[in-house]
Amino acid sequence: MHHQHVDHYFCIGSSHARAGEPCQDYALSGTLPDGRVYGIVTDGCSGANARTDLGARVLALCMEAELQHTTSLDDCFTPAFVQRIRQRLLAMPLGGTPQDYLASIVTFCADGNAVRLFMAGDGAYALHRLDGSVQVTDVAWPDNAPYYLGYCLQPGVAAQFASPATKVSASVQLTTHSTGAGSSTREIPVQQFLNGWTVDLPLSHISALTICSDGIAQISGLKTLDVATTCLAFKNFEGSFVKRRTLKALAQWKKAGHIPQDDFSIAALIGFTAGPPQGEAAGGSDPRIGGAWGPALEQGTP
């Protein structure tokens, strides 16, 4: 029998901790009634000079609520789905100001065969393949100024992103770093990101998948691929496997002088074949992790 486990974790970065500011990242994960699983990470915009910790949590909860109303991957992250997220944000459920609701989001939803990823704003996702290689893809916006779903509360700003001038001149860079294969970058018109960017991946040759805020690229002295490789080195699927792995990694990095400069959030998915619990809790790694998803390679088109 094939199963999937999900978990999540988030922590404050040193810059916000020193300033006495709250963590502006948030994360959630869970299982839907039909057995599909999901993970969500959000990252409030520090440059907004607002209470975007509020926006990060509201956006994550809005996404979780909408996922509860879906019945298949085909229902997830469609234009109508994204519009319902905007409608929830327009209600400003916790009050505040429009600036408070500016946050990036990365989400996945998976069944037993495939995973659908959604990204609005910036962030990253990483794959650990059955051959042991790791691949991480992150997003860079022009002038480091992403388009947020929360701009539905600021029509003037939203209009600037949708203007003909932006359509012609601006593009978002998706950069993929892979074990033993270097890095490659592709540019995608900003317009394709205004309703979020979606990619479908077959769960094949993949033992684990993570989504992260852009804090993954802001751990001092470490490359993004190295951070992703460490975060994906799960020993088992029992309980809070992401929390254990990330806390251990943070402790190791701190000893070596590698400190998260920005807040960091992560959610992950592991696939495995059912059977007696093994792994870290039993004193070793579990060879069954990831073995349930079968052969093929990542395929995805925005």
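Computed from a predicted model, the values in this text were never measured in an experiment.

## Quick look at unusual backbone geometry
In this structure, Phe-77 takes a positive phi of about 65 degrees despite not being glycine. With respect to the helices and strands, the residue Phe-77 is situated in the loop between helix H2 (52-67) and helix H3 (79-90). Of note, the phi angle at Asn-144 is positive, near 55 degrees, even though the residue is not glycine. Along the chain, the position of Asn-144 falls in the loop between strand S7 (134-140) and helix H4 (155-161).

## A word on the sheet that holds strand S5 (residues 114-120)
Read from one edge of the open sheet, 5 strands run S2-S3-S4-S5-S10, paired in antiparallel fashion. Strands with a single pairing partner mark the edges of an open sheet, and in this sheet they are strand S2 (25-31) and strand S10 (197-202). The sheet shows a mean angle of 10 degrees between the axes of neighbouring strands, taken without regard to direction. Relative to S5, strand S4 (residues 103-110) runs antiparallel, the two sharing 6 bridges. Following the sheet pairing, Val-106 is matched in S5 by Met-119.

## Topic: the packing of H2 against H3
The angle between the axes and the distance between the axes are what describe a pair of packed helices. The interhelical angle for the contact between H2 and H3, taken along N-to-C directions, is 135 degrees, at an axis separation of 10 Å. By the angle between their axes, H2 is oblique relative to H3. Note that H2 runs across H3; the crossing there is right-handed. Of H3, the residues touching H2 (which contributes Val-58, Leu-59, Cys-62, Met-63, Ala-65, Glu-66 and Leu-67) are Phe-81, Arg-84, Ile-85, Arg-88 and Leu-89. Classifying every residue of the contact of H2 with H3 gives 9 nonpolar, no polar and 3 charged.

## Some remarks on the confidence of the model for the chain
Per-residue confidence for the chain averages 88 on the pLDDT scale, and 87% of its residues sit at or above 70. Here residues 273-302 is a poorly scored stretch, pLDDT under 50, and it has 87 contacts once near neighbours within four places are set aside; other chains count.

## Quick notes on the packing of aromatic side chains
Following the criterion strictly, the structure yields 11 aromatic pairs and no others. Arranged with centres 5.1 Å apart and planes meeting at 75 degrees, the rings of Tyr-147 and Phe-161 form a pair that is edge-to-face. Remark: Phe-161 occurs in helix H4 and Tyr-147 occurs in the loop between S7 and H4; sequence separation between them is 14 residues. By the burial criterion, Tyr-147 is buried, and Phe-161 matches it. Within the aromatic cluster, the residues linked to one another by ring pairs are Trp-141, Tyr-147, Tyr-148, Tyr-151, Phe-161, Phe-193 and Trp-197.

## Comments concerning helix H6 (residues 224-231)
Every α-helix carries 3.6 residues per turn, so stepping three or four residues along brings you back to the same face. If you check which residues of H6 are buried, you get Thr-224, Leu-225, Val-227, Ala-228 and Cys-231. The buried residues of H6 all sit within an arc of 160 degrees when viewed along its axis, so they share a single face.

## Structural notes on the pattern of salt bridges
Here the idea is simple: oppositely charged side chains can pair when their charged atoms come close. Tallied over the entire structure, the rule returns 7 salt bridges. One salt bridge in this structure joins Arg-116 and Asp-74, with 4.0 Å as the shortest N-O distance. Linking Arg-116 in strand S5 with Asp-74 in the loop between H2 and H3, this pair joins segments that are 42 residues apart in sequence. A cluster of three or more residues bridged by salt bridges with shared partners is formed by Glu-66, Arg-84 and Arg-88.

## What to know about the side chain of Gln-24
Here Gln-24 shows up in the loop between helix H1 (14-18) and S2. Using a relative accessible area of 7% as the deciding quantity, one classes Gln-24 as buried. Residues within four places of Gln-24 in sequence aside, it is in contact with His-16, Thr-42, Asp-43, Gly-44, Cys-45, Ser-46, Ala-50, Thr-52, Asp-53, Ala-56 and Asp-263.

## Section: the environment of Ala-126
Residue placement: Ala-126 occurs in strand S6 (residues 124-129). Taking the relative accessible area as the measure of exposure, Ala-126 reaches 0% and is therefore buried. It is 9.1 Å that separates the C-alpha atoms of Ala-126 and Thr-176, two residues lying 50 residues apart in sequence. When near neighbours in sequence (up to four residues on either side) are disregarded, Ala-126 contacts Gln-135, Val-136, Ala-208, Leu-209, Thr-210, Ala-228 and Leu-232.

## Observations regarding the nonpolar core
Residues Phe-108, Leu-117, Tyr-125, Trp-141, Leu-201, Leu-209 and Ile-211 are the most contacted members of the largest nonpolar core, which totals 38 residues. Counting 30 residues, the second-largest nonpolar core is a separate cluster that includes Ala-60, Cys-62, Cys-76 and Ala-103.

## Some remarks on the side chain of Asp-100
By secondary structure assignment, the location of Asp-100 is in the loop between H3 and S4. A distance of 2.8 Å separates the side chain of Asp-100 from the backbone nitrogen of Arg-51, its partner in a polar contact. In contact with Asp-100, not counting residues within four places along its chain, are Ala-50, Arg-51, Thr-52, Leu-54 and Gly-55.

## Overview of H3
Relative to the 16 Å expected for 12 residues at 1.5 Å per residue, H3 spans 16 Å between its end C-alpha atoms, a close match to the ideal helical length. Within H3, burial applies to Phe-81, Val-82, Ile-85, Arg-86 and Leu-89. The arc enclosing the buried residues of H3, seen along the axis, measures out at 145 degrees, which places them on a common side. Against the buried residues of H3 lie H2 and S5. Two residues or fewer after H3 comes Met-92, characterised by a positive phi angle close to 40 degrees.

Here is what the cut-offs are and how they apply
- Residues numbered from 1 in each chain as written.
- Predicted model: local features only at pLDDT ≥ 70, side-chain atom pairs only at ≥ 80, totals over all residues.
- Heavy atoms only, no water.
- Helix = DSSP H or I, 4+ residues; strand = E, 2+ residues; numbered from the N terminus.
- Pairing = 2+ DSSP bridges.
- Axes fitted to C-alpha atoms, helices over the stretch in contact; angles between N-to-C directions.
- Parallel < 35°, antiparallel > 145°, perpendicular 65-115°, else oblique.
- Left-handed = near helix turned anticlockwise from the far one by under 90°.
- Contact = heavy atoms within 4.5 Å.
- Nonpolar A, V, L, I, M, F, W, Y, C, P; charged D, E, K, R; others polar.
- pLDDT = per-residue confidence, 0-100.
- Phe/Tyr/Trp six-rings, centres within 6.5 Å; stacked < 30°, edge-to-face > 60°.
- Buried < 20%, exposed > 50% of the residue type's maximum accessible area, 1.4 Å probe, protein only.
- Arc of directions from axis to C-beta.
- Salt bridge = Lys/Arg side-chain N within 4 Å of Asp/Glu carboxyl O.
- Core = buried A, V, L, I, M, F, W, Y, C linked by side-chain atoms within 4.5 Å.
- Polar contact = N/O pair within 3.5 Å; in protein donor to acceptor, adjacent residues only side chain to side chain.
- Expected span 1.5 Å × (residues − 1).

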